[in-house]
Each structure stands twice: as C-alpha cells, then as structure tokens.
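For reference, the chains in residue letters:
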2 protein chains.
Amino acid sequence: MAKVLINGYGSIGKRVADAVSMQKDMEVIGVTKTRPNFEADMAVQKGYDLYSAVEGRESLFEEKGIDIQGNIFDIIEEADIVVDCAPGGIGKDNIENIYKKYNKKAIVQGGEKAPFVEDSFNSLWSYDRCYGKNIIRAVSCNTTGLCRTLYAINSTTDILKARIVLIRRGADPNDAKRGPINAIVPNPPTIPSHHGPDVGTVIPEFKDKIITSAIIVPTTLMHMHSLMVETTGTTKDDVIDAIEKTPRIFTVSAENGLDSTATIIEYARDIGRPRYDLWEIPVWEESVNVVDNEIFLMQAVHQESDVIPENIDCIRSMLKMEEDNIKSIEMTNKAMGILK
Amino acid sequence: MAKVLINGYGSIGKRVADAVSMQKDMEVIGVTKTRPNFEADMAVQKGYDLYSAVEGRESLFEEKGIDIQGNIFDIIEEADIVVDCAPGGIGKDNIENIYKKYNKKAIVQGGEKAPFVEDSFNSLWSYDRCYGKNIIRAVSCNTTGLCRTLYAINSTTDILKARIVLIRRGADPNDAKRGPINAIVPNPPTIPSHHGPDVGTVIPEFKDKIITSAIIVPTTLMHMHSLMVETTGTTKDDVIDAIEKTPRIFTVSAENGLDSTATIIEYARDIGRPRYDLWEIPVWEESVNVVDNEIFLMQAVHQESDVIPENIDCIRSMLKMEEDNIKSIEMTNKAMGILK
C-alpha cells in the first residue's frame, strides 16, 4: 500500500483524499490544513488523521476541539509521496522548503508553473515520461480537459493547428468572494492566453500549434471550451467515435436535455456522484462538425474534479506501481466509478 | 423633414425614436405600442404621439389614462417610412399585413430573417445597395458589431477566413424572465451558428469565409466576441490604426481600467450617454495580436444600442436623403454625440 500524504485539504485535497481512499493499492496516511475550519473538522469526522500544515499551529485546532495529530513534519517521513493541494503559488514554496529537504516525491497542482517541476502530468499523454520522477505537476482542469480531447482527435487524424476559446467560470461554488456577478471579463486581455503553452508542457509536439484566448463569465458550475482544430482530414463520425474510445471523455446531447452546464451538473447529481463531481469531459455531440478538414466542437469542464483521477494515476506513475498507463486508468476508474 | 413612424416602442423602438428626434432632417410622427405599460406612458410624457399597434385596443390605453391618438392605421399613411421595432418574427408579419398593403417603406430589425427583405443594412457595407429600396433589415447587434470590425480589418488587409466565438449576454437588463442565472449554454449547440451566414447577408463576399459558434452566459450588460481572422498579412499596429480610422469602433485598454464589460458600461454612464448606451464597438487593445498573418482580438457589443445609428443611416439611404454613406454616418454621429 502506497502511503499518501495530502498537503492541503481544500477543494482539490479533499477530493484527492477520497479518491486515494477508494483505491486498493494506496492509502491516505494524513491530511493537512492551515486553519481549523469546517473542512478540518470534516476531515477528522471522515476518519482522516489531521495535521497542521504549519508548524506551531496545532493549538489553534485544539482550541476548536478538532482532533489534531501534530504538524506536517510529524508525518512526512512516513509518506511515500505527498499530493500538494495548496493554493496556487504555495506549492512552489513547498517544493523547496519541504519536499526536497525531506527527499519526498510530490505532486503539485495546476496552479503552479511548469519550470518548478520535472514534468507535467496527464494520464494519456505523459504517464511514461513521469514514471519514477520526483516532482511532478498535475496540470489544471482546463489543460486536463484539452489534453483529453486533443488525445481523442490525435488518435483519428493529424492535428495541424488548434484555436481554442475558453469561457471560464468566475468562481467555484463555495466561493462567495470572487466575481464577476454581471460582466464578461477578457482574462487575460492579451491573446494568446497561457492555456495553449500549458497544454504544450504536457504535449511538447503541440507547443506551437495551439493558440488560446480566455474569458471569465458569471457562473460557478463549469468551464466551457470552443475548439477549432485544423487537421489533415477526418469526419464527424470518426471524431465522435474517437471520443467514445478515449478514457474520461464522452458525448452528451443537447437535444436529450443536456443543453447547458446546468443540466450536465444535474446529471452528475442524479447519477449519485459525490459532491456532484463530473470527472469526465462532456462534449456536445451536436457541436461536433468538420468543415474543410477542421474540427469544431464545444465541451465543458468540471473545474473541481476532472483532475482528481489524474492525480491518482500520477501517484502510480511516480511510485512505479504500474507500468501501463491504460491499466492505471482502468484501476482508477473502476475504484472511483468512472465508466470509461 | 422625413416623417418616420416607429412601430413598437420597446428596447429598440424607444432608442430609434430618440435618435430620429435628434436629427435635423427627420422627425417622429408617431410611435406605437401594443400594451399600455410604463413605456407607453413614458412615450407620451416625452411628447411622442402614441398609437395603438393593434386596431381596436385604443380603449385599453384610455382606461389607464394614457393619451392615445388612435391606432397605427390612423397615422401610417402620413409616414414616409416605418421603422418596425416589433419583437423578432412579428416584423415579417407586419411586412405582409401592413407595410406592403399601404405601400410603405419599412425597416425591420435583426430578429427577422433575411429572405423576407430586399437586403440587409450596415452603414459601412451596404448603404449603397439599400439606396431607395423598400423593405430592408437593419441587422442584429452582433452582426452589426462584426460588420464594423471586419470593415476595419478589410481596409488594411485581405480576409481569407474568419473564425468567431460569440459569448452572448443571457438577457437584457430590463428582462427578469430569461436566464441563465448560473450556467453556460451552447446556443445553438450546433456549429456553425447562424451569425456567420448573417454577416454574409451584409457582405456576400465573406459568406463562405466566416464560421461562428455561440454561447450564452449569465450577464446582461454586453455581448463579447473572440475573433480569429486569417489574412494575407498585416501588423498589430496596422489593425489598431484601421480600427481608429473606422467609424463607430474604437480601442479600449484593460490596463487603463476598462477591463471588462462592467467597466466599459461604467464609462458609458460616466460620459453621460442616455440609458448608458454605447453605440460604438469597443475592442480591447491588449487583445489585438497578429500571429502567422492571423489577427486575434476581443471586442464587446452593447446589444441594446449599437444598431441605433445604423437605423438612422438606413432611413437616409432608403429615402434617398443622402447619397454618400460617410456623410450620413457623420450627420448621424454629430446629432447623437457619437465621436467618430
């Protein structure tokens, strides 16, 4: 059993903890939290051993009556790997100040920048490259979604150039501080946005083929992507077939009622997904079209959860627990209830 | 003085009425309303002669104490032209049932379909084509915005292909019935959307060069467009220069604080625009980029007002009041306070 420490039990950390717990070949030896809030309390209620993410803050938890086992330095030596789920930018500091000092393998999240890690992980594209490595980045929700779709497309035709417009959710559902409430925000206002180059860290051969622009809108449920992918030639049926054959991406039909991010999340709620997480990327079947060898399609990305199964596969790759990425994907999927 | 009748004093109609009133060479001889609501009352308060849009409904207005002059058929014969501002789809019926019967020139709005009119109007592209014609469509806010930007681009380089993603406002600010409140909606879920072909009705030579996809988001202020335009070659400076030289389109700077549709509308409020209308198309200067001869840029569209000056120019064209479109644009702009 691989021993996994989750550093930062927030939006991503709590989901990774639950996903690790579901696997047969790994276990959570502890989770950390900076502050004794409801999530810290919940972690203990769920049976996770809780540690303060900062040395000397244990008493804050005790004062709130939250059972605390110590701080991260009391448990880190027992870990085979740390999944760092700290807020964006903190992971970089943790690499230098904690993981490298303790000689621990660590996964940081997509909020960190590529130069601070050995490589960028996606289960389909870079499992082999990350095999046995020490400091790896599980890329962001948007990059993960794009990597899966481009994998499907790449499996049926050659990609010449991809133009992608990202319509991003303004805030996560639990976030009452951020906006916009009633505006469309070009963010960044410059083109290209960083999203294309970020895909390039996972798929180097696409580095100069992808140009992205990004816009933030007043919604919390999901991101949306409008993809325009020039290829050497394909058909709508071949693209849909490739999507169906690719793990963690499927088609939905607006005609069938799944006509917005709202009904897609309703679907995730109805099929009993924990926290209504949709780990897979839904692509609107009606939107798939091929004009002059260029594929057009629209897809949604559940920003809180699509990266969770990738974190699990990343653990297996870095700890050399399974050589074959498809086998790891299948193990993760089976344990979590991901259909394909 | 050209005598103009406004059929439908709603979101567009009340703005067209005010804009006509500002011109030296035309006047409003009446406005119509289907129901005696606050807008009907306001029309009378502002000094417009009010007529029932439907025969026999005059008493409804009288019961509410709203001064009514009769119905549309009591005034239509005096009109040189009718600007039809009825809700989308009604204009088509009005063409057949009213304007053709009374042999009246009429402008319908962008909610009507192209096959029901003689031609589609934009001040820059089709003023000459519509000159003296009888039934013309002033195209939608989105099509108007795209026509202006493509005119600017076309003035400095040759357009090979344009890909455009439209991020549309969910409802107008006065509309408490429509959504979405918290969702992103692919609308239509198919690609291409109708917006590309609609631009083609104004600019036939671009008919097969434009492919659009459209998405609706929870905001009321403005639409946004992300444009990707392949050309035979140009530079960022040339594009910005072309925008500055084109009427009714200008650049804004996110760095300068105009970083979303919210601050752009704040700008329109601060400069004293009636109803905070922004008749011009703002393009984010930072977003303008040229990569491999392809222009990338992002722009916003004030859905309630960018078509208003075009309606005025369309009147002049159809009534042969001014042969030169640039002179009409200048007259309209000067009267309304549009800077260029």
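Residues numbered from 1 in each chain as written. Chains lettered and ligands numbered in written order. Predicted model: local features only at pLDDT ≥ 70, side-chain atom pairs only at ≥ 80, totals over all residues. Heavy atoms only, no water.

Engineer: Help me out: how do you make sense of the overall build of chain A in this one?
Structural biologist: Counting secondary structure elements, chain A contains 11 helices and 15 strands. Its C-alpha atoms give chain A a radius of gyration of 20 Å, near enough to 20 Å, the size a compact globule of 340 residues would have. Each of the three principal axes of chain A carries a C-alpha extent, and together these read 65 × 45 × 40 Å. Buried residues in chain A amount to 61% of all 340 residues. Within chain A, contacts between residues separated by at least 24 positions form 72% of all contacts whose residues are at least 6 apart in sequence. When the 38 basic and 51 acidic side-chain charges of chain A are each reduced to a single mean position, those positions are 3 Å apart. (Helix = DSSP H or I, 4+ residues; strand = E, 2+ residues; numbered from the N terminus. Rg over C-alpha atoms; globule rule 2.2 N^0.38 Å. Buried < 20%, exposed > 50% of the residue type's maximum accessible area, 1.4 Å probe, protein only. Contact = heavy atoms within 4.5 Å. Lys, Arg positive; Asp, Glu negative; His and termini not counted. Charge placed at Lys NZ, Arg CZ, Asp CG, Glu CD.)

Engineer: I'm lost on the sheet that holds strand 2 (residues 26-33) of chain B in this one. Help?
Structural biologist: Remark on secondary structure: sheet strands pair via backbone hydrogen bonds, oriented parallel or antiparallel. All names here are of chain B. With parallel pairing, the seven strands of this open sheet are ordered in space as 3-2-1-4-5-7-6. Only two strands of the sheet have a single neighbouring strand rather than two, namely strand 3 (50-52) and strand 6 (119-121). Pairwise comparison of adjacent strand axes, ignoring direction, gives a mean angle of 30 degrees for this sheet. Relative to strand 7 (residues 135-138), strand 5 (residues 105-108) runs parallel, the two being bridged by three bridges. Across the sheet, the residue bridging to Val-108 is Arg-137, located in strand 7. Contacts from helix 10 (residues 308-318) reach strand 1 (2-7), strand 2, strand 4 (81-84), strand 5, strand 6 and strand 7, with the element oriented near 155 degrees to strand 5. (Pairing = 2+ DSSP bridges. Axes fitted to C-alpha atoms, helices over the stretch in contact; angles between N-to-C directions.)

Engineer: Is there a simple way to explain the domain arrangement of chain A in this structure?
Structural biologist: Interface size is commonly expressed as the accessible surface area that is lost when the partners come together. All names here are of chain A. Segmentation of chain A into domains returns domain 1 (2-139 + 307-336) and domain 2 (142-301). Taking only C-alpha atoms into account, the centre of domain 1 sits 26 Å from that of domain 2. Contacts between the two partners involve 26 residues from domain 1, matched on the other side by 22 residues from domain 2. Interface of domain 1 and domain 2: buried area, both sides summed, is about 2000 Å²; carbon and sulfur atoms make up 54% of it. (Domains from an automatic or database assignment. Buried area = accessible area lost by both parts, 1.4 Å probe.)

Engineer: Whenever I open this one, the relation of the copies chain B and chain A confuses me. Can you help?
Structural biologist: Each of the two chain copies goes to the other by way of a rotation about an axis and a shift along it. After a rotation of 180 degrees and a shift along the axis of 0.0 Å, chain B superposes on chain A with an RMSD of 0.0 Å. When the rotation and shift are considered jointly, the pair of chain copies conforms to a two-fold rotation axis. Taking C-alpha positions as the reference, the residue of chain B nearest the rotation axis is Pro-218 of chain B, at 2.9 Å. Of all interface residues in chain B, 100% are interface residues in chain A too; the two copies therefore contact each other through one and the same surface. (Least-squares fit on C-alpha atoms with pLDDT ≥ 70 in both.)

Engineer: What am I meant to see in the sheet that holds strand 5 (residues 105-108) of chain A here?
Structural biologist: Residue and element names in this part refer to chain A. In spatial order, the strands read 3-2-1-4-5-7-6; together these seven strands make up an open sheet with parallel pairing. Each having just a single partner strand, strand 3 (50-52) and strand 6 (119-121) make up the two edges of the open sheet. Across the sheet, the axes of successive neighbouring strands diverge by a mean angle of 30 degrees, strand direction being ignored. Sheet strands in contact with helix 5 (residues 90-99) are strand 1 (2-7), strand 4 (81-84), strand 5 and strand 7 (135-138), and its direction is about 155 degrees off that of strand 4. Its contacts with the sheet put helix 10 (residues 308-318) on strand 1, strand 2 (26-33), strand 4, strand 5, strand 6 and strand 7, and the angle it makes with strand 5 is roughly 155 degrees.

Engineer: How do you make sense of the interface of chain B and chain A when you look at a structure like this?
Structural biologist: Between chain B and chain A, the contact holds 45 residues from the first and 45 residues from the second. Carbon and sulfur atoms supply 67% of the area that chain B and chain A bury against each other, a total of about 3400 Å² over both sides. It is Asn-182, Ile-184 and Ile-191 of chain B in chain B that bury the most area against chain A; as a group they hold 19% of the surface buried on that side. Along the contact surface separating chain B from chain A lie eight salt bridges. On inspection of chain B and its partner chain A, the count reaches 16 residue pairs in polar contact (both at pLDDT 80 or more). Taken together, the elements giving at least two residues each to the side of chain B that touches chain A come down to strand 8 (159-169), strand 9 (185-186), strand 10 (210-217), strand 11 (223-231), helix 9 (261-270), strand 14 (289-291) and strand 15 (294-301) of chain B. (Salt bridge = Lys/Arg side-chain N within 4 Å of Asp/Glu carboxyl O. Polar contact = N/O pair within 3.5 Å; in protein donor to acceptor, adjacent residues only side chain to side chain.)

Engineer: Would you mind going over unusual backbone geometry with me for this structure?
Structural biologist: For residues that are not glycine, phi is negative in most cases, and the peptide bond is trans in most cases. Geometrically, the link from Gly-179 of chain A to Pro-180 of chain A is a cis peptide bond, its omega value of 0 degrees lying close to zero. Among the structural elements, Pro-180 of chain A can be located in the loop between strand 8 (159-169) and strand 9 (185-186). Cis geometry marks the peptide bond from Asn-187 of chain B to Pro-188 of chain B, where omega comes out at 0 degrees. Take Pro-188 of chain B: it is sitting in the loop between strand 9 and helix 7 (195-202). Residues other than glycine seldom take positive phi values, yet Arg-275 of chain B does so here, at roughly 55 degrees. Within the fold, Arg-275 of chain B resides in the loop between helix 9 and strand 13 (281-284). Here Arg-275 of chain B falls in the partly exposed class, since its relative accessible area comes to 28%. Even without being glycine, Asp-292 of chain B reaches a positive phi, approximately 50 degrees. Residue placement: Asp-292 of chain B occurs in the loop between strand 14 and strand 15.

Engineer: Would you mind going over helix 10 of chain B with me for this structure?
Structural biologist: Residue and element names in this part refer to chain B. Most of helix 10 is tucked away: 11 of the 11 residues are buried. The set of residues buried in helix 10 consists of Ile-308, Pro-309, Glu-310, Asn-311, Ile-312, Asp-313, Cys-314, Ile-315, Arg-316, Ser-317 and Met-318. Positive phi appears at Lys-320, one or two residues downstream of helix 10, with a value of about 55 degrees.

Engineer: Explanation requested: the environment of Val-229 of chain B in the structure shown.
Structural biologist: Structurally, Val-229 of chain B is set in strand 11. In this structure Val-229 of chain B comes out as buried when scored by relative accessible area, which is 0%.

Engineer: I would appreciate a short explanation of the packing of aromatic side chains in the present structure.
Structural biologist: The geometry of an aromatic ring pair comes down to the distance between the two centres and the angle between the two planes. Residue and element names in this part refer to chain A. All chains considered together, the criterion is met by 10 aromatic pairs over all chains. An aromatic cluster is present here, built from Trp-125, Tyr-151 and Phe-206 joined pairwise through their rings. Above the ring of Phe-116, the side-chain terminus of Lys-92 is found at 5.3 Å from the ring centroid. (Phe/Tyr/Trp six-rings, centres within 6.5 Å; stacked < 30°, edge-to-face > 60°. Lys NZ or Arg CZ within 6 Å of the ring centre and 35° of its normal.)

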